[in-house]
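# A closer look at the structure
In case you want the letters, here they are:
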Amino acid sequence: MALITVFTVFSALRYDQQVISLIGLVGAYAIPFLLKDDASNVSMLFSYMAIINIGILVIAFRKYWKILYISAFLLTWLIFVTWYRPEYNTEEHFGLALAFLFLYFVIFYATFLSFKLVRNEKFELADNLLLLANAFIFYGFGYDILKGHETGAQFLGLFTLGNALIHFIAGLIIYNRKLTEKNLIYLVSGLV
């Protein structure tokens, strides 16, 4: 499945066809559910989804196919939410949930910013909303996961500070390199 993802990314970029990447995305997200025989292997599913999203990040550096990364964003968080509510068990999934939550957040944060910053293009309202949604999903689920853990509940303030630090570093990079307009700097500063 990972090789098919790599091949799809390569083909989409080589032939400069968004439809190839969309077909690959649909197939990539459908395969685990079509082959599903054991719901307990969530770490494998989340790892596979991370590989898919890294492939989309690679495409985002080269092309600006908004429908591709919006679809990946929605599918990833939808799968995470549908797993989290009925299946999450603090003793069993605490580290796994936090690790993949952070990984997905970073991948989508980089994906949303990559093409716009590399090409120095103006951010639109949809871009700002996606950036905000990603930040709020990460913070909300991270807070909920930590709050439900006996030791993790002691680190809620540190988690909030770490979250602000991530956005602060992103804001500094954007500001120091003068990569985009001021509205994005204000948005990221507001997230801090």
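These numbers come from a predicted model, not from an experiment. (Residues numbered from 1 in each chain as written. Predicted model: local features only at pLDDT ≥ 70, side-chain atom pairs only at ≥ 80, totals over all residues. Heavy atoms only, no water.)

## Focus: the packing of helix 7 (residues 156-176) against helix 8 (residues 182-191)
As a reminder of what qualifies: For helices, the fitted axis covers only the stretch in contact; all axes are lines through C-alpha atoms, and the angles between them, taken along N-to-C directions, range from 0 to 180 degrees. Numbering of helices and strands starts at the N terminus; helices are DSSP runs of H or I of at least 4 residues and strands are runs of E of at least 2. Note that the term roughly parallel is reserved for angles under 35 degrees, roughly antiparallel for angles over 145, roughly perpendicular for angles of 65 to 115, and oblique for everything else. Crossings are classed by handedness, with left-handed meaning an anticlockwise turn of the near helix from the far one by less than a right angle and right-handed meaning a clockwise turn. For this analysis, residues touch if any pair of their heavy atoms sits within 4.5 Å. Only Asp, Glu, Lys and Arg are considered charged, only Ala, Val, Leu, Ile, Met, Phe, Trp, Tyr, Cys and Pro nonpolar, and every remaining residue, Gly among them, polar.
The geometry of helix 7 relative to helix 8 is characterised by a closest axis approach of 8 Å and an angle of 160 degrees between their N-to-C directions. Between helix 7 and helix 8, the angle falls in the class roughly antiparallel. Remark: the crossing between helix 7 and helix 8 carries left-handed chirality. Of the residues in helix 8, those in contact with H167, A170, G171, I174 and Y175 of helix 7 are L184, I185, V188 and L191. Looking at the contact of helix 7 with helix 8 residue by residue, the class counts come to seven nonpolar, two polar and no charged.

## Observations regarding helix 4 (residues 66-87)
Convention followed: Expected helix span is computed as 1.5 Å times (number of residues minus one). Each residue's exposure class comes from its accessible area (1.4 Å probe, protein chains only) as a fraction of the maximum for that residue type: buried when under 20%, exposed when over 50%, partly exposed otherwise.
Over its 22 residues, helix 4 extends 31 Å from the first C-alpha to the last, a length consistent with the 32 Å expected when each residue adds 1.5 Å. Those residues of helix 4 that fall on the buried side of the exposure criterion are K66, L68, Y69, A72, F73, T76, W77, I79, F80, W83 and Y84.

## Re the confidence of the model for the chain
For clarity, the cut-off: For every residue, the predictor reports its confidence as pLDDT, a number between 0 and 100.
Mean pLDDT over the chain works out to 83, with 92% of the residues at or above the 70 mark. Across the chain, helix 6 (residues 125-147) holds the top mean pLDDT of 92, while helix 2 (residues 18-34) sits lowest at 74.

## Quick notes on helix 7
Applicable threshold: Arc, as used here, means the arc of the directions from the helix axis to the C-beta atoms.
Its 21 residues place the ends of helix 7 30 Å apart at the C-alpha level, agreeing with the 30 Å of an ideal helix rising 1.5 Å per residue. Those residues of helix 7 not exposed but buried are L156, F159, N163, A164, H167, A170, G171 and I174. Taken end-on, helix 7 shows its buried residues confined to a sector of 135 degrees, consistent with a single buried face. Those residues of helix 7 that are exposed and aimed more than 90 degrees away from the buried face are G157, L158, L161 and N176.

## Some thoughts on the packing of aromatic side chains
The way to describe two aromatic rings as a pair is by their centre distance and the angle between their planes. Inclusion rule: Side-chain rings of Phe, Tyr and Trp, where Trp is taken by its six-membered ring, are said to pair if the distance between their centres is within 6.5 Å; with planes under 30 degrees apart they count as stacked, over 60 as edge-to-face, and otherwise as tilted. Charge over a ring is defined by NZ of Lys or CZ of Arg lying within 6 Å of the ring centre and within 35 degrees of the ring normal.
Counted by the stated rule, this structure contains 25 aromatic pairs. Centroid distance F80 to Y84: 6.1 Å. Interplanar angle 10 degrees. Geometry classified as stacked. Placement of the pair is F80 and Y84 together in helix 4, with a separation of four residues, close to one helical turn. F80 gets classed as buried once you look at its relative accessible area, which sits at 0%. Here the aromatic rings of W83 and Y88 are separated by 6.0 Å at their centres, their planes lie at 80 degrees, and the arrangement is edge-to-face. The two residues W83 and Y88 agree in class, both being buried. Sitting above the plane of the Y15 ring, R14 keeps its charged end 5.6 Å from the centroid.

## Focus: the pattern of salt bridges
Our working definition: Salt bridge, as used here: a side-chain nitrogen of Lys or Arg that lies within 4 Å of a carboxyl oxygen of Asp or Glu.
Following the criterion strictly, the structure yields two salt bridges and no others. With a closest N to O distance of 3.8 Å, R85 and D144 form a salt bridge. Pair noted here: R85 is in helix 4 and D144 is in helix 6, with a separation of 59 residues, a long-range link. Note on R85: relative accessible area 57%, which makes it exposed. Residue D144 is classed as partly exposed on the basis of its relative accessible area, which comes to 24%.

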